[in-house]
Amino acid sequence: MRYDTIIIGAGLSGLAAGIRLAMFDKKVCIVEKHTELGGLNSFYVRKNRTFDVGLHAMTNFTAKGVRSSPLGKLLKQLRFSHDDFRLCQQEMSEIRFPEKSLCFTNEFEFMRQEVAEQFPDQIDGFNKLVEKVLAFDELNLDDGERLLSQPVLESFINDPVLIDMLFCPLMYYGNAREGDMDFYQFVIMFKSIFIEGFSKPEGGMHYILNLMAEKFKDLGGELKMGSGVKTINASKETVASVTLENEVELATEAVLSSMGYVETLNRCQPELAEAGTCETGQVSFMESLFVVDKEPRDLGYDRSIVFFSTQSRFDYKVPNDLIDISSGVLCCSNNFKYPKPLEEGLIRLTNLASFGEWDRLARKDYIAAKKEWRGRALEQLFTFFPDFSENVVFLDSFTPKTIKKYTGHINGAVYGSPEKVKNGKTPVKNLYICGTDQGFLGIIGATLSGISMANLHLLQ
Ligand SMILES: Cc1cc2nc3c(=O)[nH]c(=O)nc-3n(C[C@H](O)[C@H](O)[C@H](O)COP(=O)(O)OP(=O)(O)OC[C@H]3O[C@@H](n4cnc5c(N)ncnc54)[C@H](O)[C@@H]3O)c2cc1C
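Residues numbered from 1 in each chain as written. Predicted model: local features only at pLDDT ≥ 70, side-chain atom pairs only at ≥ 80, totals over all residues. Heavy atoms only, no water.

### Structural notes on the layout of surface pockets
Picture a little ball the size of a water molecule; that probe, rolled over the atoms, points out where space is still empty. Its volume calculated, the second largest pocket comes out at about 790 Å³. Residue assignment for the lining of the second largest pocket shows that the elements contributing at least two residues are β4 (49–52), β8 (199–201), α8 (204–218) and β16 (345–353). Here the lining of the second largest pocket takes four residues from β4, the largest share from any one element. Taken domain by domain, the makeup of the lining of the second largest pocket includes at least three residues from each of domain 1 (2–86 + 202–279 + 419–458) and domain 3 (282–414). (1 Å grid on protein atoms, 1.4 Å probe; cavity = no way out; pocket = protein on both sides within 12 Å on 5 of 7 lines; lining within 4 Å. Points joined across faces, edges and corners; volume = space filled by probe spheres on them. Helix = DSSP H or I, 4+ residues; strand = E, 2+ residues; numbered from the N terminus. Domains from an automatic or database assignment.)

### Digging into the packing of helix α3 (residues 108–118) against helix α4 (residues 123–135)
The axes of two packed helices give the description: the angle between them and the distance between them. Relative orientation of the contacting elements α3 and α4 amounts to 150 degrees, with a least axis distance of 9 Å. Considering the angle they form, α3 stands roughly antiparallel to α4. Handedness of the α3/α4 crossing: right-handed. Together, F108, R112, V115 and A116 of α3 and I123, F126, N127 and V130 of α4 make up the contact between the two elements. Within the contact of α3 with α4, the residues separate by chemical class into six nonpolar, one polar and one charged. (Axes fitted to C-alpha atoms, helices over the stretch in contact; angles between N-to-C directions. Parallel < 35°, antiparallel > 145°, perpendicular 65-115°, else oblique. Left-handed = near helix turned anticlockwise from the far one by under 90°. Contact = heavy atoms within 4.5 Å. Nonpolar A, V, L, I, M, F, W, Y, C, P; charged D, E, K, R; others polar.)

### Examining empty space enclosed by the protein
Within this structure, the stated rule accounts for three cavities of 30 Å³ or more. For the largest cavity, the calculated volume is near 70 Å³. Considering the residues around the largest cavity, the lining is formed by G260, V262, E263, E279, T280, G281, H409, I410, A413, G416, S417 and D437. Split by residue class, the lining of the largest cavity holds three nonpolar, six polar and three charged.

### Comments concerning the site of the ligand
The environment of the ligand is made up of 34 residues, and the closest members are S13, E32, N41, G54 and H409. One of the backbone N or O atoms of G38 is found 3.5 Å from an oxygen atom in the ligand. In this structure, I443 approaches the ligand through a main-chain N or O atom, which is 2.7 Å from an oxygen atom. Taken by itself the ligand offers 1,000 Å² of open surface, and the protein chains cover 98% of this. Among the secondary structure elements, those contributing two or more residues to the shell around the ligand are α1 (12–23), α13 (400–407) and α14 (442–458). Looking at the shell around the ligand, the element that brings in the most residues is α14, giving three residues. When grouped by side-chain class, the residues that make up the shell around the ligand number 14 nonpolar, 16 polar and four charged. When residues of the shell around the ligand are sorted by domain, at least three fall in each of domain 1 (2–86 + 202–279 + 419–458) and domain 3 (282–414). (Near = heavy atom within 4 Å. Polar contact = N/O pair within 3.5 Å; in protein donor to acceptor, adjacent residues only side chain to side chain. Areas by Shrake-Rupley, 256 points an atom, 1.4 Å probe, with all protein chains shown as cover.)

### Here we look at the side chain of N41
Structurally, the position occupied by N41 is in the loop between β2 (28–31) and β3 (43–46). Leave out the neighbours within four places in its chain, and N41 touches L12, G54, L55, M205, L209 and I443.

### As for the pairing of β16
Counting buried residues in β16 gives nine out of nine residues, a clear majority hidden from the surface. Of the pairings in the sheet, the one linking strand β13 (residues 284–292) to β16 comprises nine bridges and is antiparallel in character. Its bridge partner lying in β16, E287 is registered against T350. (Buried < 20%, exposed > 50% of the residue type's maximum accessible area, 1.4 Å probe, protein only. Pairing = 2+ DSSP bridges.)

### Description of the pairing of strand β10 (residues 229–235)
In the sheet, β10 pairs with strand β11 (residues 238–244) via six bridges, with the strands oriented antiparallel. Pairing of N233 across the sheet is with S241, part of β11. Counting the residues in the hairpin turn of β10 and β11 gives two residues, including K236, whose phi is positive at 50 degrees.

### Brief notes about the nonpolar core
Considering soluble globular proteins, one finds that nonpolar side chains tend to be buried as a cluster. Of all hydrophobic cores here, the largest spans 65 residues; its most connected members are Y173, F186 and F194. With 42 residues, the next largest nonpolar core counts M58, F61, I208 and I451 among its residues. (Core = buried A, V, L, I, M, F, W, Y, C linked by side-chain atoms within 4.5 Å.)

### Some thoughts on the environment of L441
Examined against the element boundaries, L441 turns out to sit in the loop between β18 (431–433) and α14. With 156 residues separating them in the primary sequence, L441 and F285 have C-alpha atoms 15 Å apart. Those residues within four positions of L441 in sequence are excluded, and the remaining contacts are G174, N175, Q185, Y415, K420, T436 and A446.

### A word on the side chain of T447
One can find T447 in helix α14. A polar contact is formed between the side chain of T447 and the backbone oxygen of I443, at a distance of 2.6 Å.

### A few points about helix α7 (residues 183–196)
For an α-helix, the turn length of 3.6 residues means that residues three or four places apart are oriented alike. The first and last C-alpha atoms of α7 sit 18 Å apart over 14 residues, in line with the 20 Å expected at 1.5 Å per residue. Within α7, the axis deviates most sharply at F190, by approximately 30 degrees. Burial runs high along α7: 13 of the 14 residues are buried. (Expected span 1.5 Å × (residues − 1). Bend = angle between axes of the 7 residues up to and from the residue.)

### Here's the deal with the packing of α1 against α14
Between α1 and α14, the shortest axis-to-axis distance is 7 Å and the interhelical angle comes to 40 degrees. Judged on the interaxial angle alone, α14 and α1 are oblique. Handedness of the α1/α14 crossing: right-handed. Facing L12, S13, A16, A17, R20 and L21 of α1, the residues of α14 in contact are I443, A446, T447, G450, I451, A454, N455 and L458. For the contact of α1 with α14, the per-class residue count stands at nine nonpolar, four polar and one charged.

### Brief notes about the packing of aromatic side chains
Evaluated as defined, the whole model comprises 31 aromatic pairs. Between the aromatic rings of F126 and F190, the centroid separation amounts to 6.4 Å while the plane-to-plane angle is 45 degrees, which identifies the pairing as tilted. On the criterion of sequence distance, the pair formed by F126 in helix α4 and F190 in helix α7 is long-range, its members being 64 residues apart. Exposure remark for F126: the relative accessible area of 0% places this residue in the buried category. (Phe/Tyr/Trp six-rings, centres within 6.5 Å; stacked < 30°, edge-to-face > 60°.)

### Quick word on the domain arrangement of the protein
Each assigned domain of the protein is listed with its residue range as follows: domain 1 (2–86 + 202–279 + 419–458), domain 2 (109–192) and domain 3 (282–414). When each unit is reduced to the centre of its C-alpha atoms, the spacing between domain 1 and domain 3 is 27 Å. Each partner contributes residues to the interface: domain 1 has 23 residues there, and domain 3 has 25 residues. When the area that domain 1 buries against domain 3 is broken down by residue, the three leading residues are L40, R49 and H56, summing to 33%. The tally of links from domain 1 across to domain 3 stands at two salt bridges. Between E344 and R49 there is a salt bridge, with its nearest N and O atoms 2.7 Å apart. Viewed at the interface, domain 3 and domain 1 are joined by nine residue pairs in polar contact (both at pLDDT 80 or more). Of all the elements in the fold, those that place two or more residues in the side of domain 1 that touches domain 3 are β3, β4 and α9 (261–265). Sorting elements by how many residues they give to the side of domain 1 that touches domain 3 places β4 first, with three residues. Residues that form the side of domain 1 that touches domain 3 fall into these classes: eight nonpolar, eight polar and seven charged. (Buried area = accessible area lost by both parts, 1.4 Å probe. Salt bridge = Lys/Arg side-chain N within 4 Å of Asp/Glu carboxyl O.)

Right under this line is the structure:
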């Protein structure tokens, strides 16, 4: 038994790559160490409630019939219809800073108008920045030049608050780098969030993941859950097989891994791991979920998503404390245009967090710290938003440690390494990477990454 390709990981990039390969009759097997699908965007059950781990919203919403957009391309490549994804658009989101607020919807002209009203002396510069963003080829896989965003933004906009307000959502939803952002990544995120926009699938990630896994299996793909890869066996810089944690060895012509670049090479023999050194990611989050006994809008939470900073300057970096309570993201699932209201109110709060600080704690201190820091984050939040603490009927939090435990990403780094391997190649000639460390992030980005790496390396 020899596979054409073994894919490591049944997250979005792995599943998408699997569908592409199985569609072209490749003998393909996805091996996933966890017992659930989804990786960074999986789901879990507590007290009979199913929660999405990583779904605030899907970015890149475009309407049915638009084929040239990332969503349109994704649907076409995976042979899904727009209706299959059951997408429900956002109502309105907001970037809220102490003195200014910018609202945005899935109609970009609304946001342009907001910038014109809130920052009248910056609108010309903002419009020129938008022109540059629209003309930029962010998907060039061979572009090795590093261009950071801060200097580019400063060449168009001279109000630092507007620059920070633009950065806040784009960094929170897709920046592996502290302090600044690669400009190509800024362009990807600007287009996916401001130009295109947010939606959520009816039924959550559970629905989307099952849809993809079923398609993969229907096309003849093999899915092995609870099958962690222990080693990737290469000789003369060519992979011949992978060995699973249960010692079963699977022979293959090629491997496509979504574990992360360093994480993948760490499964090869030591000299290959050394040949592929690359900066490890540090950026991670603490996420708290609050089930409330009312519709969030009745508690004063009427936005789909709010990206906030309680200080006039926004600092995107790994905090010195366990979490940074001065900025965050608030997501209310209820404030999306679902065909019928959700059964319960849900408010999610995301704060930047330090893996190192959480990892140092002993088990009992860890549990106490989650409670303490969730409390501190709420206290700070309620200086800026209405207090909903009396309405909470269930709550849960997870930290960078949880993210590492369930996905294997070093430091629980949600966006992987700041150095992306855009062409997906490694020092081993038939071992490729897809997903987070290849450079396309988020639900849509990771899915497109799986598709493009399968097309580029395994379907030629
Ligand atoms: C808290 C949080 C909130 C988020 N919010 C959003 C959002 O609102 N919108 C959005 O678009 N994106 C969001 N994201 C980001 C998004 O989830 C990720 O960018 C995307 O899911 C990455 O997919 P991937 O396939 O690249 O990687 P992963 O999902 O990490 O897939 C890798 C898979 O490999 C498996 N694996 C690892 N090691 C092994 C091994 N040794 N053997 C076998 N399998 C292995 C893992 O278990 C995992 O399933 C969020 C993420 C988090 C954590």
